[in-house]
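What the coordinates show
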Amino acid sequence: MKAVNTAKKALACTSALALALGLVSCSDSSDSASGGGDNYVLANGSEPQNPLVPANTNETGGGRIVDMIYSGLVYYDTEGKIHNEVAESIEKKGDTTYEVKLKDWKFSDGSPVTANSFVDAWNFAVEKSMMSSYFFEPIKGYKDGAKEMEGLKVIDDKTFTIELNQPTADFETRLGYSAFFPLPEVAFDDIEAFGENPVSNGPYKLEEWAHNQSATIVANENYDGQRKAQNDGVNFAFYAQQDAAYTDLLAGNLDVLDAVPDSAFSTFEEELGDRAVNQPAAVFQSFTIPNTFDHFKGEEGKLRRQAISMAVNRKEITDTIFQGTRTPATDFTTPVLPGYSEDLEGNEVLEYNPEKAKELWEKAEKMGKYEGPLEIAYNADGGHKAWADATANSIKNTLGIEVTGKPYPDFKSLRDEVTNRTIKSAFRTGWQADYPGLGNFLEPLYATGASSNDGDYSNKEFDAKLKEAAKADDAEKANEIYLEAQEVLLEDLPAIPLWYSNVTGGSAETVSNVTFNWKSVPEYYSITKE
């Protein structure tokens, strides 16, 4: 989901949970489709970076809320399979045009969802250069800041067409991503204010948002899709430390947790029993050293990144710290996606090889003396200290340079510096899938100018491979080209791949029907409160 996000989501504090419970108890139960108002699911979350505007949300704190309060043309089920939601049909007309027909659908205020709700929202995202506007690049007439894309045509209230610049093999697969969600007319009057109190069209609607503490969503009585809420709502408490959230889970004060702290990796499955979850998910972890930093540009930078990568003992770190909940990375995507391959040319750069690492570092030193130190920034509220310190020590002990972890108090403060390009150190990155495709782990993060290209990487050969994959006749052929594109990344290392994450979480005895989906997020709408 969102990117940059990716990481294990920031959590909040026990006092925040107490406040969250207070907010829930004060809410009007008449707003709940289920009635009663007393069976709210209590879950962990993190403060959204921005107001809740779909195309301007690319991190997990806001993403988990946006994905529950909005509905797109299609949605992804627990396994990542695609189903029509607001779309009655999406019919391909030739190689580059799609005709979309909509079901009868309403926003949470009762106003109709129309063709303009989609077309205007997509155009607005591009005009305002929102964080996910890059996803509209395949549409004819796309240009950053353009007021309208000529490839979008409204036929009537229930019908619109999408014309692409060229065939795009996975375009239909992308349509369930939040960038493609609709907006009501009222959103365009004041988008910032709207994002604080959105009118939405998904299984839930926003009830309360106590910034930096909690957010509450309640069942949307106007939702008529397949993901109808089986509870009155979900309250997300923003914990300052994962350990506090896990303690609350064990005590029954938290219903669902999707981020077990590393301190509990060896015990959580025994402590939670059949309520524990430890399963592969579409989540990739890395850290990034921006291409703009001194000594990390050009050939010198390439050598240094390769040296640093080969100085990280991924197996030892995943075995010792993560205890079977992570798998060392062999590429830039995730093994749970169709088309993944561990046999890529050049991926030996992701293997621990201290002698080769020293050799490459010494070559780089001849091009320019590196004074250091190297810092790896991470958000302290996400349970990252142990691996960040271990990674820093592995590099330090191998290359003989000063390397340290650099904590930020929370995910938002880290992301704000990354987004604003004011960060002065390397920083943790990764990706939680937006849609089930290899391209989703490559284009948004590493294409020139892409929305989540936090290291400002640019390579014409890589960009050309992405365009070639988009023109492929089918997804299988596109995946073959995406693998070739990754071989370019393995040489340049715009990010240092670390490992693939399992979702490690669980639920309390207070809830039932808890499942975690293909990208590690609980299916909140299906959870029932005991």
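Fair warning: this is a prediction, and the values are worked out from it, not measured in the lab.

Here we take up the overall build of the chain. The helix and strand inventory of the chain stands at 15 helices and 19 strands. Relative to the globule expectation of 24 Å for 530 residues, the C-alpha radius of gyration of the chain, 23 Å, shows essentially globular dimensions. Taken over the C-alpha atoms alone, the chain extends approximately 65 × 55 × 35 Å along its principal axes. Taking all 530 residues of the chain together, the buried fraction comes to 60%.

A contiguous patch of negative charge on the surface is contributed by Glu185, Asp189, Asp190, Glu192 and Glu196. Topologically, glutamate 196 is positioned in helix α5 (residues 191-196). Given a relative accessible area of 35%, glutamate 196 falls into the partly exposed group.

With numbering aligned to this structure, UniProt lists the feature "domain: Solute-binding protein family" (unreviewed entry) at residues 81-452. Annotation note: span residues 81-452, helix share 27%, strand share 22%, distance between end C-alpha atoms 25 Å.

This brings us to the environment of glycine 449. With respect to the element layout, glycine 449 can be found in the loop between α13 (443-446) and α14 (460-470). Separated by 257 residues in the primary sequence, glycine 449 and glutamate 192 have C-alpha atoms spaced 24 Å apart.

All right, on to the pattern of salt bridges then. Scanning the entire structure with this criterion turns up 30 salt bridges. The shortest N-O distance in the salt bridge between lysine 140 and glutamate 150 comes to 3.9 Å. Placement of lysine 140 in the loop between α3 (115-127) and β6 (152-156) and of glutamate 150 in the loop between α3 and β6 is noted, with a sequence separation of 10 residues between them. A residue is classified by how much of its surface remains accessible, and lysine 140, at 28% relative accessible area, is partly exposed. Exposure remark for glutamate 150: the relative accessible area of 45% places this residue in the partly exposed category. We note a salt bridge from lysine 358 to glutamate 355, for which the minimum N-O separation is 3.9 Å. Taken together, the positions of lysine 358 and glutamate 355, both in helix α10 (residues 354-365) and three residues apart, correspond to about one turn of that helix. Taking relative accessible area as the criterion, lysine 358 reaches 33% and is therefore assigned partly exposed. Each of Glu300, Arg304, Glu365 and Lys369 takes part in a single network of salt bridges with overlapping partners.

Okay, the packing of aromatic side chains next. Within this structure, the stated rule accounts for 24 aromatic pairs. Grouping aromatic residues by their ring pairs yields a cluster made of Tyr98, Phe118, Trp122, Phe136, Phe160, Phe171 and Phe180. The cationic tip of arginine 304 hangs over the ring face of tryptophan 361; the distance from NZ or CZ to the ring centre is 4.5 Å.

Next up on the list: the sheet that holds strand β4 (residues 87-93). Strand order in the open sheet made by the four strands is β4-β5-β7-β6, with antiparallel pairing throughout. Sheet topology places β4 and β6 at the edges, where each strand pairs with a single neighbour. Strand after strand, the sheet turns through a mean of 20 degrees between neighbouring axes, direction not considered. Here five bridges tie strand β5 (residues 97-102) to strand β7 (residues 159-163), and the two strands are oriented antiparallel to one another. Bridge pairing links tyrosine 98 to isoleucine 162 in β7.

Below, the discussion takes up the pairing of strand β1 (residues 40-44). Burial analysis of β1 places five of its five residues in the buried class, the great majority of the element. Alternating positions in β1 separate into two faces, Tyr40, Leu42 and Asn44 on one and Val41 and Ala43 on the other, with burial throughout.

Turning next to α14. Burial in α14 covers these residues: Phe462, Asp463, Lys465, Leu466, Ala469 and Ala470. All buried residues of α14 project into a common sector of 155 degrees when viewed along the axis, lining one side. Residues Lys460, Glu461 and Lys467 are exposed on α14 and point more than 90 degrees away from its buried face. Against the buried residues of α14 lie α13 and α15 (475-492). Capping the start of α14 is the job of one residue whose side-chain oxygen sits 2.8 Å from the backbone nitrogen of glutamate 461: asparagine 459.

What counts, and at which threshold
Residues numbered from 1 in each chain as written. Predicted model: local features only at pLDDT ≥ 70, side-chain atom pairs only at ≥ 80, totals over all residues. Heavy atoms only, no water. Helix = DSSP H or I, 4+ residues; strand = E, 2+ residues; numbered from the N terminus. Rg over C-alpha atoms; globule rule 2.2 N^0.38 Å. Buried < 20%, exposed > 50% of the residue type's maximum accessible area, 1.4 Å probe, protein only. Patch = residues over 30% accessible without salt bridge, like charges linked within 9 Å, V, L, I, M, F, W, Y side chains within 5 Å. Areas by Shrake-Rupley, 256 points an atom, 1.4 Å probe, with all protein chains shown as cover. Salt bridge = Lys/Arg side-chain N within 4 Å of Asp/Glu carboxyl O. Lys, Arg positive; Asp, Glu negative; His and termini not counted. Charge placed at Lys NZ, Arg CZ, Asp CG, Glu CD. UniProt positions renumbered as here; feature names shortened; annotations may be inferred. Phe/Tyr/Trp six-rings, centres within 6.5 Å; stacked < 30°, edge-to-face > 60°. Lys NZ or Arg CZ within 6 Å of the ring centre and 35° of its normal. Pairing = 2+ DSSP bridges. Axes fitted to C-alpha atoms, helices over the stretch in contact; angles between N-to-C directions. Arc of directions from axis to C-beta. Contact = heavy atoms within 4.5 Å. Polar contact = N/O pair within 3.5 Å; in protein donor to acceptor, adjacent residues only side chain to side chain.

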